Amino acid sequence: MPEIDRREFLKLVGASAGAAAAAGCSEPVEKLIPYVIQPEEITPGIPVYYASTCQECPAGCGLLVKTREGRPIKLEGNPSHPINRGSLCARGQAAIGRTYHPDRYPGPQRRNQAGQLEPVSWDEAIRLLARKVQEAGPGTWLLSGEPGPTAGRWIDRWLTAVGAGGRVVHEPFAPEAVREATSAVFGVASEPLFDLSDTDLVLDFASDFLEIGPSPVEHGRQLAAARDVAAARGRTARLVSVGPRLSMTASNADEWVSARPGSEGLLALAVARAALDAGAGSPEARQALAGLLEHFAPERVAGQTGVDAATIVRLGRAAARARHAVALPPGVSVTARRAKASAAAVLLLNHLLGAVGRSVRIPPAPAEGRRRPSYRETLALVDAMKSSKVKLLLVADANPLYSLPVASGFAAALEKVPFVVSFASAADETSARAHLILPDHTPLESWGDAAPRLGVRSLLQPTVRPLHDTRAFVDTLLDVGRAMGSEVAAKLPPGSFRNLLEEAWADTDWRTALAGGGVFEGASPAPSLPLTPGATRLEVAEPLLEGDGEWVLLPVTSGLLYDGRGANLPWLQEVPDPVTKVAWQSWAEISHATAGRLGVELGDVLAVETPAGRLEVPAFPRGGIRDDVIGVPIGQGHTVGRYASDAEHGRPDAPRGVNVIQVLPAATDEAGGRAWLAARARVQKTGRFQRVAVVQTSQNQRKRRLGEAVSLAALAAGDAHAPAANGHGEAAAETHGDGHEHELLKPYDAAKDSAPDSPYRWGMAIDLDRCTSCNACVVACYVENNVPVVGETRTLQARQMSWLRLERWVGDGDLEGGRKLPIGAKEAPGAVDVRHTPQLCQHCGAAPCEPVCPVLATYHTPEGLNGMIYNRCVGTRYCSNNCPYKVRRFSYFDYSRENWPGLLSLMLNPDVTVRGQGVMEKCTFCVQRIAAARHTATLEGRTIRDGEVTTACAQACPTQAITFGNLKDEKSRVVQASHDPVRSYHALHELNTRPAITYLAKVKRGVFEEEA
Amino acid sequence: MTPPPPPPASVAAMIRPMPAPADSRANRDILAVMGRPTIGYVALLALVVSTVGWALGTFVYQTYVGLGVAGYSHPIFWGVYIVTFVFWVGIAHAGTLISAILYLFRAKWRNAINRSAEAMTVFAVATAGLFPLIHLGRVFKFYWLLPYPNQRALWVNFKSPLLWDVFAISTYATISIVFFYVGLVPDLAIARDRATGWRKVLYSILALGWQGTTKQWKAHNRTVLHLSGLATPLVLSVHSVVSWDFASSIVPGWHATIFAPYFVAGAIFSGFAMVLTVMIPVRRIYGLERYITDYHFENMSRFILLTSLIVGYAYATEYFVAWYSGVEPERTAFWLRAFGSYWISTWIMISCNAFFPQVFWFKRARTHIPTVFVVSVLVNIGMWFERYVIIVGSLSREYNPAVWGQYTPSWVELSILAGSFAWFSMFFLIFLKLFPVIAINEVKELEIHERAHANGGAH
């Protein structure tokens, strides 16, 4: 164990003195109390990491939980985990807040006669529940999210032991249609695994795979690998995105095919037909599918899909020509009443293209008995509740009152259940209606396991002692069973869930598995499966939609809020939507044509009416959505939760935004899966106006070259600056003709080094071709650097505090003088040219902010960082005025007082100052990480190695778009990455700011052209 | 018998005590202003003092809660406070110009207005100097802007235009106060001689034992001359330095070499307008028409016309250069100034500063006091908006269109803005009652001069 050395001691003393000084005269002095008995594994000031598993979505990414002095302070990806390989998405980064959330239940509570919740002891609560279970018997039902395999097994045993009715797994976004389709087409009821890393054509049928799943981090990484232009110039994969709107995934595509929502299956078969005509597929596959595809000639399908026949034929030919093409089945928002057939159609296309067994692997169906999410079962349970057959409902890890449509009648059914028990760790809509609340630990406090897919067994372990009086769900169940008498107890195992987990993992080396986060086997080769005899008997047709409205109501999935479970995590609210850049609110996306017809502009409130209900939501007109579609995002409209509800405006019971699920019919697909795309809507202008919190003022970069792109042709020619190559035309040639280009492009110039003795000059390379605008970096930065979340009101005042933001630019932009262009006016079907620019402090070599500071609070360090001394800052804010990138933030208030309410302040990174009121702040290139690495290196008598230190943003990035390192080290990855003769550029280089960040232009692959 | 020829007037003014009726009338008239305050005066003073109190309370609130109570929004980090700072610095220019430059040029008409103009300078600087502090994120650390030796070995950044400001403003404040006071000494002696009670004590101390001896007059005149020499470059330098706060940045709309002369002209423009705005009512209320004549107002109107032309020319040049440079962010910034969301401010600025003062081409307008008053008020409004347009308009439309902003002042800023006018008025009202509003000695000197000329003419 390393000793605490003098330097470290002084640091701690300084930190405590600083904390005391920062507290000022009016606040009590806090004392740093040493451990009486120091835990062996904790050294103050040194983080300890524990491997665990993320529980924010079913993808099952591996975590490394960074703890300091016994508190988890940040979630990082587990580099050895095969799913995420060290990256972590925005939701995973934000999940740290669940543990410290102010909405957590402090302990068990029961509802008294007056309907108020009152604390109750665990013993009493368990006795009460045991009695209730005894009374209810088979009328006891459990409604839960999908538990881990071990927990699931013991829950089932418990249900049998106590004689309960059974359980239902409710996962709103579960890909049931895909599972059913796989069963129908290949005879295996499992979810296919897609591997994009070796593809050269990805046909995405509105799958939203970069936003919500099935495994966004993994697929983002694989897509980036397949598209990597550095690895194999010219052989880069293309992504064609089909869908009713230019979603985040489609914004990253090379071509957007604007198809009617719900017609993806038709389109897939038409593309298959075109590919067949172009000679794709093995003879067997061709023979098997010829009969079916006969009915899906592109010309016939064109009218039904809204995609012209020429495009379909073009895509079919491209698919036929591709080496490894893969098609991704429709995602949640276009899951319609014929979703199973649509998914099956896409699988058949994969079969024809020979992708099955290569990029598409069909794992064996999970062992019998493992319950999978089922919407049909959920609705059946609701029916049972309605008919009063359910006497006792246990709800765990699910929020059905929010996520089930009102039309399903769940709210009314819940009223009929005499006793409802919730195991939620924090308040939500469903637990607010429960009679008894037995709070579970949060995932960071829990034991558990996950089997996200074949060959990946992942463990969860507690990283902090439970902060509240909570108990693990399975332990509570076991205790209830034991309290029911010896007969039941005999059927239950002794010990706690932790013992059961260890037993379940007895086939592995427990300690190694725990340290490594689980047991990961290499991907087993999955054979190419034959089609089932009935595979081609598909009812592929247009979706059946309820209502007679003019617009199709598209429930838009959000990569941040997911199915609504992210809404109570402040960072996921604060970070704007990657497409519209709206934060904290709901909106309705409509096309400019629709807006014109309705006579509305941004912020005019629309009334959206379906047969199931009505909601009012402000309009967001944009280019990238079909004229016949209105898109309302899923995730807002919660009535419970400090951040999820409208508590910010003093109305904790009122919804923040709208819950689009409320106006969806309780529709199912052919196999009983959930149909999200099920209604047509009437849309009317209400005449009211609501200010929309759009964080990015304009997506038109006015040819200022903040986000650049080069065409594939220019890349091949090796000439970025040929006028025709990158579309900059005359202006580009002129700017580049001045002979400064190469000098400016040098990220480091030894001749101009003001600190030649320093071994480091820190720099960054950001590859815009890899950036998907998933926001993982942004949330990672918030958590790492204690960046305050400011809320909706302050967001409307443009007072967001993010040090790193993602800018979305549509094309080069244009120079329409001062005319205000509508948002996304240039978004149109066809070639997509959207650039996502992570904008952060450029750590300029000639920084405009530095000379203007009267007190030298911002200055240049010998290591090339643009330093910021918060303590010295008096707040003239001139630095921000003079920053052309506008990446400096001002702390308008004392955020430390109110912005980490309750225990949230425990997650603050102790290595980073919480900025006081009235000072400027900005990206530091995670200077605390550099300092830590330098400390280690100094102790070992060496310099920092390449890759030893990286910033929180670079670390989180699923696609490795950000590379951080030492520009003075010629061999470092950042120097290698920065030296792209074609793509590298500095933002606003004409201002001669000499940024330390080199951007690599996005590659415009364009649409597939017909071969000459 | 022919009487002996009178000695030359200037000599007479110096060697002879002047008990002539005209002199005592001047003394009486001007000192009458300092008499017992009327109800109206007291009411006005109460109003301005309470406004100052309100603004002070607001400022305390802002300091405690944080600058977020002002309307700042990313990326517009300078707003009403800096606008008002530049505005008052501009106002402060008329005094020194009138006292120093016109003194050196021997423009006799200045004598009637120089005292009040100097007073306004002092009060305007006192007002302006508050704003760089009010706008600080951490006002309680303002002294860090001063280069003083300290244990932490911290020093200031002499490269920063904000530091130049610190020196420019403090120098200007010092010189203006000295100038004002030196000019006041002979009049304080007159006041002393007539005052009773506490006023007697006050004036006795302030008059520094002035006896009106030749030696004292000689020293006085030399001091004024030298101070004029010292102050003259300040007229040009102070506002040049203030303009470099903007010009030395890289913000489109600020980064322009024209800024120094443009700002100096604007400062003189607004300074004269403020003198007119204040002195027209004062003259009317206290019946000082005999001393401050329409001739004075006409001359000041001429100055306003001249500086209006310069300012108008600068506006045109800015737009021309923005277009001619071919730099897109520059062009866009100016286009949006005129036709973007700040168009109202821009057109107020252009019409008030460049168009309305053109009426002064006509003598009838220059000598029609209501017209002069209205135009002077419009110029004040226009010049405030000029700074608003330059500061807020430019910051809101910079290089990165993703973070173009929109700024609206909050009630806190508007309160403090109102407070600044009240603060200035409060000092001026107190000044009216405490010190001679017109430089008695200089008026007398002028009268003697004119009499001598008149006598000479009769010969």
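Computed from a predicted model, the values in this text were never measured in an experiment.

> I tried to follow the overall build of chain B on my own but got confused; where do I start?
When helices and strands are tallied, chain B shows 17 helices and zero strands. The C-alpha radius of gyration computed for chain B amounts to 24 Å, which stays within 12% of the reference 23 Å derived for 459 residues, consistent with globular compactness. For chain B, the C-alpha atoms occupy an extent of roughly 90 × 55 × 45 Å along the three principal directions. In chain B, buried positions account for 47% of the 459 residues. Long-range contacts, defined as pairs at least 24 residues apart, comprise 82% of the intrachain contacts of chain B with a sequence gap of at least 6.

> Looking at this structure, I do not really get the overall build of chain A. What am I missing?
Along chain A, the regular secondary structure elements total 33 helices and 40 strands. Since a compact globule built from 1012 residues should have a radius of gyration of about 31 Å, the 28 Å found for chain A is in line with a globular shape. With the C-alpha coordinates aligned to their principal axes, the bounding extent of chain A is approximately 80 × 80 × 60 Å.

> Mind showing me how you'd approach the sheet that holds strand β2 (residues 62-68) of chain A here?
The strands that make up a sheet pair up through hydrogen bonds in the backbone, lying either parallel or antiparallel. Residues and elements named next belong to chain A. Pairing in this open sheet of three strands is antiparallel, and the strands run β1-β2-β3 from one edge to the other. With partners counted over all chains shown, the strands left at the sheet margins are β1 (48-53) and β3 (71-77), one partner each. In this sheet, neighbouring strand axes are inclined to one another by 30 degrees on average, regardless of whether the strands run parallel or antiparallel. As paired elements, β1 and β2 share six bridges and run antiparallel to each other. Bridged to Tyr50 within β2 is Val65.

> Explain the packing of helix α7 (residues 161-194) of chain B against helix α9 (residues 214-247) of chain B here, please?
Packed helices, taken two at a time, are described by the angle their axes make and the gap between the axes. Residues and elements named next belong to chain B. Taken N-terminus to C-terminus, the directions of α7 and α9 make an angle of 155 degrees; their axes are 9 Å apart at the nearest point. Put simply, α7 runs roughly antiparallel to α9. Note that α7 runs across α9; the crossing there is left-handed. Residue composition of the contact of α7 with α9, by class: 20 nonpolar, five polar and two charged.

> For this particular structure, what's the right way to read the environment of Val48 of chain A?
All names here are of chain A. Take Val48: it is sitting in strand β1. When the 16 C-beta atoms within 10 Å are taken as the criterion, Val48 is described as partly exposed. It is 21 Å that separates the C-alpha atoms of Val48 and Asp449, two residues lying 401 residues apart in sequence. Once you skip the residues sitting within four places of it in the chain, Val48 turns out to touch Glu41, Ile42 and Thr67.

> Any chance you could explain the nonpolar core here in plain terms?
Across soluble globular proteins, nonpolar side chains have a tendency to be buried as a group. Counting 432 residues, the largest nonpolar core has Val271, Ala272, Ala319, Val608 and Ile630 of chain A together with Val275 of chain B as the members making the most contacts within it. Ranked by residues supplied to this core, first place goes to helix α4 (residues 80-104) of chain B with 17 residues. Dropping the residues within four chain positions of it, Val271 of chain A is found in contact with Leu203, Ile312, Leu315, Gly316, Ala319 and Leu349 of chain A.

> Explanation requested: the interface of chain A and chain B in the structure shown.
How large an interface is tends to be reported as the accessible area lost when its parts come together. With 44 residues of chain A at the interface, the matching set in chain B holds 43 residues. Only α28 (849-852), α29 (878-881) and β35 (889-890) of chain A provide two or more residues apiece to the side of chain A that touches chain B. Among the elements that line the side of chain A that touches chain B, the one with the most residues is α29 of chain A, at three residues.

> When you look at the environment of Val360 of chain A in this model, what are you seeing that I'm missing?
All names here are of chain A. With respect to the secondary-structure elements, Val360 resides in strand β13 (residues 360-361). For Val360, a count of 26 C-beta atoms within 10 Å translates into the label buried. Residues Val360 and Asp195 lie 165 residues apart in sequence; the distance between their C-alpha atoms is 6.3 Å. Residue contacts for Val360: discarding those within four places in its chain leaves Pro192, Phe194, Val326, Asn350 and Ala355.

> Looking at this structure, I do not really get the confidence of the model for chain A. What am I missing?
Close inspection of predicted coordinates is inappropriate in any region flagged by low pLDDT. All names here are of chain A. Confidence in the prediction for chain A averages 90 pLDDT; 92% of positions are at 70 or higher. Note on residues 20-25: pLDDT under 50 across the span, and five contacts to partners over four residues away in sequence or across chains. Every residue in residues 721-743 is under pLDDT 50, and counting partners more than four places away or in other chains gives 28 contacts.

> Just checking my understanding: could you explain the pairing of strand β20 (residues 551-556) of chain A for this structure?
Regular strands place side chains that alternate from one sheet face to the opposite one. Residues and elements named next belong to chain A. In terms of burial, β20 is a largely internal element, six of the six residues being buried. Both faces of β20 are covered, namely the face carrying Trp551, Leu553 and Pro555 and the face carrying Val552, Leu554 and Val556. The sheet contact formed by β20 and strand β27 (residues 680-689) spans two bridges and is antiparallel. Looking at the pairing, Trp551 lines up with Ala681 of β27. The sheet contact formed by β20 and strand β24 (residues 629-633) spans five bridges and is parallel.

> Is there a simple way to think about the pairing of strand β9 (residues 201-205) of chain A in this case?
Residues and elements named next belong to chain A. For β9, the tally of buried residues reaches five of five residues, placing the bulk of the element in the interior. Side-chain alternation along β9 places Leu201, Leu203 and Phe205 on one buried face and Val202 and Asp204 on a second face that is also buried. Summarising the sheet, β9 and strand β12 (residues 325-328) pair through four bridges and their orientation is parallel. In the sheet register, Val202 faces β12, and the bridge partner there is Val326. Strand direction decides the pairing type here: β9 and strand β10 (residues 238-243), joined by five bridges, are parallel. Residue pairing across strands places Asp204 opposite Ser241, the latter belonging to β10.

> Honestly, the sheet that holds strand β38 (residues 984-985) of chain A in this entry has me stumped. Any pointers?
Residues and elements named next belong to chain A. Reading across from one edge, β37-β29-β39-β38 is the order of the four strands in this open sheet, with mixed pairing throughout. Whereas interior strands pair on both sides, the edge strands pair on one side only; in this sheet they are β37 (962-966) and β38. Alignment of β38 against strand β39 (residues 997-1000), held across two bridges, turns out to be antiparallel. Note on β39: the bridge partner recorded for Tyr985 is Tyr999.

> Mind showing me how you'd approach unusual backbone geometry here?
One can expect most non-glycine residues to show negative phi and most peptide bonds to be in trans. The omega torsion across His74 of chain B and Pro75 of chain B is 0 degrees, close enough to zero to call that bond cis. Here Pro75 of chain B shows up in the loop between α3 (39-65) and α4. At Arg705 of chain A, a residue that is not glycine, the phi angle is positive and equals roughly 60 degrees. Tracing the chain through its elements places Arg705 of chain A in the loop between β27 and β28 (709-711). Residue classification places Arg705 of chain A among the buried positions, given that 24 C-beta atoms sit within 10 Å. The backbone of Arg877 of chain A shows a phi angle near 65 degrees, a positive value even though the residue is not glycine. With respect to the helices and strands, Arg877 of chain A occurs in the loop between β34 (866-868) and α29.

> Where do I start with helix α26 (residues 776-784) of chain A in this structure?
Working note: α-helix, 3.6 residues per turn, so residues spaced by three or four point in the same direction. Residue and element names in this part refer to chain A. Of all the nine residues making up α26, nine are buried; the element is thus mostly covered by neighbouring parts of the structure. Restricting attention to buried positions, one finds in α26 the residues Ala776, Cys777, Val778, Val779, Ala780, Cys781, Tyr782, Val783 and Glu784. Looking one or two residues past α26, Asn786 carries a phi angle of roughly 55 degrees, positive in sign.

> Help me out: how do you make sense of the confidence of the model for chain B in this one?
Residue and element names in this part refer to chain B. Model confidence for chain B is summarised by a mean pLDDT of 88, while 93% of its residues fall at 70 or above. Scored below 50 in pLDDT, residues 7-22 shows 15 contacts in the model against residues more than four places distant or in partner chains. Both scores are available for the predicted complex, with the pTM at 0.92 and the ipTM at 0.91.

> Please explain helix α11 (residues 298-305) of chain A as it appears in this structure.
All names here are of chain A. Within α11, burial applies to Pro298, Val301 and Thr305. Buried residues in α11, looked at end-on, bunch into an arc of 65 degrees, giving them a common side. Away from the buried face of α11 by more than 90 degrees, exposed residues Glu299 and Gly303 are located. If you follow the buried residues of α11, they end up packed against α9 (264-277) and α12 (309-321). Just downstream of α11, Gly306 is the residue with a positive phi angle, here 80 degrees.

> What am I meant to see in the packing of α4 of chain B against α9 of chain B here?
Residues and elements named next belong to chain B. Across the interface, α4 lies against α9 with an axial gap of 8 Å and an inter-helix angle of 150 degrees. As the angle between them shows, α4 and α9 are arranged roughly antiparallel. In this structure, α4 crosses over α9, and the sense of that crossing is left-handed. Contact with α4, carried on its side by Val86, Val89, Gly90, His93, Thr96, Leu97, Ser99, Ala100, Ile101, Tyr103 and Leu104, involves Val224, Ser228, Ala231, Thr232, Leu234, Val235, Val238, His239 and Val242 of α9 and no other residues of that element.

About the thresholds
- Residues numbered from 1 in each chain as written.
- Chains lettered and ligands numbered in written order.
- Predicted model: local features only at pLDDT ≥ 70, side-chain atom pairs only at ≥ 80, totals over all residues.
- Helix = DSSP H or I, 4+ residues; strand = E, 2+ residues; numbered from the N terminus.
- Rg over C-alpha atoms; globule rule 2.2 N^0.38 Å.
- Buried ≥ 20, exposed ≤ 12 C-beta atoms within 10 Å, placed from the backbone.
- Contact = placed C-beta atoms within 7 Å.
- Pairing = 2+ DSSP bridges.
- Axes fitted to C-alpha atoms, helices over the stretch in contact; angles between N-to-C directions.
- Parallel < 35°, antiparallel > 145°, perpendicular 65-115°, else oblique.
- Left-handed = near helix turned anticlockwise from the far one by under 90°.
- Nonpolar A, V, L, I, M, F, W, Y, C, P; charged D, E, K, R; others polar.
- Core = buried A, V, L, I, M, F, W, Y, C linked by C-beta atoms within 7 Å.
- pLDDT = per-residue confidence, 0-100.
- Arc of directions from axis to C-beta.

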